[in-house]
Amino acid sequence: MKEYKILNTRAPRVDANDKVTGKAKYTDDLAMPGMLYGAILHSPQAHAKIISIDTTAAENLTGVFAVITHKDAHKVSFGVSPARYDEYVLAREKVRYVGDEIAAVAAATPEVARQALDLIQVEFEELDPVFDARQAMAEGAPELHEKYQQNIVQQVHWHFGDVEAVRQKADIIRTDSLTSKMQDAAFMEPQCALANYDDRGYLTMYSSTQAPHYVQRTLAMALRIPLHKVRVVKPAVGGGFGPKASCSSMELITCLLAMKTGKPVKTTFDREQVFLHSRARHQFFHKMTTGVQKDGTLVFLEHECTLDGGAYCSFGIATVYYAGSLLGGPYRLENMKYDGYRVVTNKPACGAQRGHGAVIARALFEVQLDRIAEELNMDPIELRLKNVREAGETTCNELYLSSFGMKEALEAVRDSAAWKQKRKDQPRGKGIGAACGFFVSGAGYPIYNSATYHATVITKLSEVGGGVIVESGAADIGQGSDTMLAMITAEVLGIPLDDVKVISGDSDLAVDLGAYSSRTTLMAGAAAKEAAESVKRQILEVVAAKTGAACDDLDIQDAEIVWSKGDLDIDQIRHDHRLEHRNFSGIPLSGRLTFGEASRMAFLERGSIVGTGKYKPPVLGGSFKGAAVGTSPAFGCSAQVAEVTVDLETGEVTVNKITGAHDCGFAINRTQVEGQMEGSIMMGMGEALMEEIKFDDCGRILNANLAEYKIPTSLDVPPLEAIIIESNEPNGPFGAKEVGEGAIMPTIPAILNAIYDATNVRLDELPATPERIRAALRLKDKGK
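These figures come from a predicted structure and were not determined experimentally.

1. Remarks on unusual backbone geometry
Phase 1: Of note, the amide linkage connecting Gly329 to Pro330 takes the cis form, showing an omega dihedral of 5°.
Phase 2: A cis geometry characterises the amide bond from Leu766 onward to Pro767, with omega recorded as 0°.
Phase 3: Positionally, Pro767 belongs in the loop between helix 19 (747-759) and helix 20 (770-781).
Phase 4: The phi dihedral of Arg224 is positive, around 60°, even though this residue is not glycine.

Quick look at the structure:
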């Protein structure tokens, strides 16, 4: 592998100091002169017609500047997928879940705003609710939206190969099911927005968002403002994980209040509102039938899935497609049938969450592989190794694997975790389990129908020489994309990392579709590389013209201009530079021409030196309906081994260790890759063992706080081993591809398989709480 000065190292994050010292500014830290505070009235009913809304008392309260309802907003629907826009800024005609937005207030203080909400009178006519996705699909079930027959937002029916024709070739056929619960992303920073509408008709909104570009478009569309007059800025973000990847009613409401009052308005969610807005993990009902031959060769997969997505579509179309398409890898599976249904119910709307759509499907399939291995009396890892795909192969649903280190990842965790020895020697109550994962490196197409570039980057030399400014629309939400952009730029230009400044997350700077689908390193990184290469070329062209050297013989290394044929004649250049900087410190007196001298000279010769970069995937997709969803310019893969101890009396699970290996193509920053892997593992561990949103019979959330919604804390973190696999992705910058989401894929099934190894009981419902494990153990003791 080529050696790099900046890349593939453990360079500190460019925002590390601000984060650890508290200097980083999050949206709620921001304020403007004359700023008002927004508050939102949420529905107490799960399903009801709105008969009337009386805001008179609220409007008359001292300190209230505006009260708005649906009458103050344009009757324009919005959402994520243009084909399924089904939301309004504020509820019109009826509410569809406990938490639906009905009215909003802008007031001088947060206390007055909340007091005003209590004065708004809403009369409802209650309607029958439906809280179960399977019941919602039944004939005669309450209808949430007129346009969704039987409450089905989207259904997918795929058939690759010929399942029926090969069924008789299978020696073992087994059917298994797995059900999950709705889950919350549990990011530390609640959503917040600060909007200002100026007297020229320009709207600026600061928001805790993952996708400034998509939010900008939705604000312009729903509020009827020219797109070029809408600016969305992302300050520091305290985690997103998917639910912050689309425009929310809260953001639209905040902007509408600013437009109505002519003053800046800030709205901040409390933790309960985070749960009510949700847009996090769907509830999944999966059923899979898999056929294999005696030697372990996979023959076919039949897969049925129903997704409970709550009251609105949100990302639901993509979710139901991903739930099926991402089972096309990482194994050789040439015959696959999938029937998926995304359904609306009277619960908070679900959306995208880390490992979008594919996490629970992967969990069931990997658990089922272990069950098959047991029937075949075959080692579970050997079964997987027998079937894994390699680089250059194409899946049954036409996903091309341009790089693929699945075999290497499996072998790495097997050997590092001492798999074979521990499988033999575990006492009852202790278990070890393995699983694999497969995920995209960026979505192949934007959410809306467009030929837009997915990322653009503008890199500009400081006119005074020496420094570089990188402007990007990419959203650093904690994953470290600003550091990635700086490292790529510094490596290309041959300068220290500290000489690169990244400005990002602003829709006015450049186009970037956002932090979702593990796209940023491959796409924004490719654009940054191209922009830096343009700047480098312009500098060297000027140096060549000034010195008589051929441009192709010049390079920049260690912040110096290097000529492959010896020493350049730079006496006059250096003399002029010293005259221009008389009495300055740090001006070179001898040695090679420095990057500072060369970049200043380039400006003096050509004016501002600006390089632009862009990225758009090649044409992707298969020959079948829905083929665009699941496409990607590259695919990541991962393997994990989990080791657990289960208390056979209480059912409590202790995770003793998780060993993970992930193919990231090439590690731009090794520490950040490991951090993403470890974060994914801990998020997956929480979903496997404890995370579950609980509802009462009226559709109200019972645990809408981080005291009762259980997530792993630092005290729960077991020893984690993160093994980096580098397969050199040809479509990624320097060979890099995803790591942010794919590493969550194996965690749940690896833990479930380890629990079975420890207890000899299988669960068909997540999370694997002590109560569910204890109940399963009791059934086993009774012979059931």
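2. Concerning the sheet that holds strand 12 (residues 265-268)
Phase 1: In spatial order, the strands read 3-5-1-12-9-10-11; together these 7 strands make up an open sheet with mixed pairing. Looking at which strands have only one partner, the edges of the open sheet turn out to be strand 3 (64-68) and strand 11 (230-233). Strand-to-strand twist across the sheet, computed as the mean angle between neighbouring axes with direction ignored, equals 20°.
Phase 2: In this structure, strand 10 (residues 203-207) lies alongside strand 11, joined through 4 bridges in parallel fashion. Bridge assignment links Met205 to a residue of strand 11, and that residue is Val232.

3. As for the sheet that holds strand 13 (residues 283-292)
Phase 1: The sheet built from 5 strands is open, its strands ordered 7-15-14-13-8 with mixed pairing. Only two strands of the sheet have a single neighbouring strand rather than two, namely strand 7 (152-160) and strand 8 (172-179). Taking each pair of neighbouring strands and ignoring which way they run, the sheet shows an average axis angle of 5°.
Phase 2: Summarising the sheet, strand 7 and strand 15 (residues 336-343) pair through 8 bridges and their orientation is antiparallel. Following the sheet pairing, Trp158 is matched in strand 15 by Tyr338.

4. Structural notes on the nonpolar core
Phase 1: Counting 120 residues, the largest nonpolar core has Phe365, Met406, Leu689, Ile751 and Ile755 as its most contacted members.
Phase 2: Here the element with the most residues in this core is helix 10 (residues 359-376); it accounts for 11 residues.
Phase 3: Residues lining this core come from more than one domain, with at least three contributed by each of domain 2 (31-127 + 188-239 + 243-277) and domain 3 (359-370 + 377-442 + 632-783).
Phase 4: When near neighbours in sequence (up to four residues on either side) are disregarded, Leu689 contacts Val653, Val655, Ile751, Ile755, Pro767, Ala768 and Thr769.
Phase 5: Of all hydrophobic cores here, the second largest spans 54 residues; its members include Val535, Ile561, Leu593 and Ala602.

5. Comments concerning the pattern of salt bridges
It is possible for side chains of opposite charge to pair when their charged atoms get near one another.
Phase 1: Taken as a whole and judged by the stated rule, the model has 49 salt bridges.
Phase 2: One salt bridge in this structure joins Glu765 and Lys181, with 2.6 Å as the shortest N-O distance. With a gap of 584 residues between them, Glu765 in the loop between helix 19 and helix 20 and Lys181 in the loop between strand 8 and strand 9 (192-197) connect regions that are remote in the sequence.
Phase 3: Residues Asp308 and Lys347 are paired through a salt bridge, measuring 2.8 Å at the closest nitrogen-oxygen approach. Taken together, the residues Asp308 in strand 14 (residues 298-308) and Lys347 in the loop between strand 15 and helix 10 connect sequence positions 39 residues apart.
Phase 4: Members of the salt-bridge network, linked through shared partners, are Arg174, Asp176, Arg371 and Glu375.

6. Some remarks on the packing of aromatic side chains
Phase 1: As enumerated under the stated definition, the model contains 15 aromatic pairs in all.
Phase 2: Judged by centre distance (5.9 Å) and plane angle (75°), the ring pair of Phe404 and Phe438 falls under edge-to-face. With Phe404 in the loop between helix 11 (380-387) and helix 12 (406-416) and Phe438 in strand 16 (residues 430-440), the pair connects residues that are 34 residues apart, well separated along the chain.
Phase 3: Residue Phe438 is classed as buried on the basis of its relative accessible area of 1%.
Phase 4: Directly above the aromatic system of Tyr448 lies the positively charged group of Arg217, at a separation of 3.5 Å from the ring centroid.
Phase 5: Over the aromatic face of Tyr453 sits the side chain of Lys616, whose NZ or CZ is 4.6 Å from the ring centroid.

7. Here we look at helix 10
Phase 1: Between its terminal C-alpha atoms helix 10 stretches 26 Å, which fits the 26 Å expected from 18 residues at 1.5 Å a residue.
Phase 2: Counting buried positions along helix 10 yields 16 of 18 residues, so the element is predominantly enclosed.
Phase 3: Downstream of helix 10 by a residue or two, Asn377 has a phi angle that is positive, lying close to 55°.

8. Some details on the confidence of the model for the chain
Phase 1: Looking at the chain as a whole, its pLDDT mean stands at 97, while 100% of the residues score no less than 70.
Phase 2: When pLDDT is averaged over each helix and strand of the chain, the minimum, 92, is found for helix 13 (residues 419-425) and the maximum, 99, for strand 10.

9. Brief notes about the side chain of Asp339
Phase 1: Topologically, Asp339 is positioned in strand 15.
Phase 2: Within the structure, Asp339 has its side chain in polar contact with the side chain of His157 (distance 2.6 Å).
Phase 3: The contact partners of Asp339, leaving out residues within four places of it in the chain, are Val156, His157, His303, Glu304 and Cys305.

10. Brief notes about the domain arrangement of the chain
Bring the parts together and some accessible area is lost; that lost area is often taken as the interface size.
Phase 1: According to the domain assignment, the chain contains domain 1 (16-23 + 453-615), domain 2 (31-127 + 188-239 + 243-277) and domain 3 (359-370 + 377-442 + 632-783).
Phase 2: Here the C-alpha centroids of domain 2 and domain 3 sit 38 Å apart.
Phase 3: Contact with domain 2, which involves 7 residues of that partner, is made by 10 residues of domain 3.
Phase 4: When domain 2 packs against domain 3, close to 650 Å² is buried across both sides, 80% of that on carbon and sulfur atoms.
Phase 5: Its largest share of buried area at the contact with domain 3, domain 2 owes to Val98, Arg271 and Phe275, together 70% of the area lost on that side.

11. Details of the packing of helix 10 against helix 11
Phase 1: At a minimum axis separation of 9 Å, helix 10 and helix 11 run at an interaxial angle of 110°. Judged by the inter-axis angle, helix 10 sits roughly perpendicular to helix 11. Between helix 10, through Glu366, Leu369, Asp370, Ile372 and Ala373, and helix 11, the contact on the second element is made entirely by Pro380, Leu383 and Arg384.
Phase 2: Here the residues of the contact of helix 10 with helix 11 sort into 5 nonpolar, no polar and 3 charged.

12. Examining the packing of helix 18 (residues 670-689) against helix 19
Phase 1: Viewed as axis vectors pointing N to C, helix 18 and helix 19 meet at an angle of 55°, and their least axial separation amounts to 8 Å. Relative to helix 19, helix 18 is oriented oblique. Relative to helix 19, helix 18 is oriented so that their crossing is right-handed. Judged by residue contacts, Ser680, Ile681, Gly684, Met685, Glu687, Ala688 and Leu689 of helix 18 engage Thr747, Ile748, Ile751 and Ile755 from helix 19.
Phase 2: Counted by class, the contact of helix 18 with helix 19 contains 7 nonpolar, 3 polar and 1 charged residues.

Cut-offs applied
- Residues numbered from 1 in each chain as written.
- Predicted model: local features only at pLDDT ≥ 70, side-chain atom pairs only at ≥ 80, totals over all residues.
- Heavy atoms only, no water.
- Helix = DSSP H or I, 4+ residues; strand = E, 2+ residues; numbered from the N terminus.
- Pairing = 2+ DSSP bridges.
- Axes fitted to C-alpha atoms, helices over the stretch in contact; angles between N-to-C directions.
- Core = buried A, V, L, I, M, F, W, Y, C linked by side-chain atoms within 4.5 Å.
- Buried < 20%, exposed > 50% of the residue type's maximum accessible area, 1.4 Å probe, protein only.
- Domains from an automatic or database assignment.
- Contact = heavy atoms within 4.5 Å.
- Salt bridge = Lys/Arg side-chain N within 4 Å of Asp/Glu carboxyl O.
- Phe/Tyr/Trp six-rings, centres within 6.5 Å; stacked < 30°, edge-to-face > 60°.
- Lys NZ or Arg CZ within 6 Å of the ring centre and 35° of its normal.
- Expected span 1.5 Å × (residues − 1).
- pLDDT = per-residue confidence, 0-100.
- Polar contact = N/O pair within 3.5 Å; in protein donor to acceptor, adjacent residues only side chain to side chain.
- Buried area = accessible area lost by both parts, 1.4 Å probe.
- Parallel < 35°, antiparallel > 145°, perpendicular 65-115°, else oblique.
- Nonpolar A, V, L, I, M, F, W, Y, C, P; charged D, E, K, R; others polar.
- Left-handed = near helix turned anticlockwise from the far one by under 90°.

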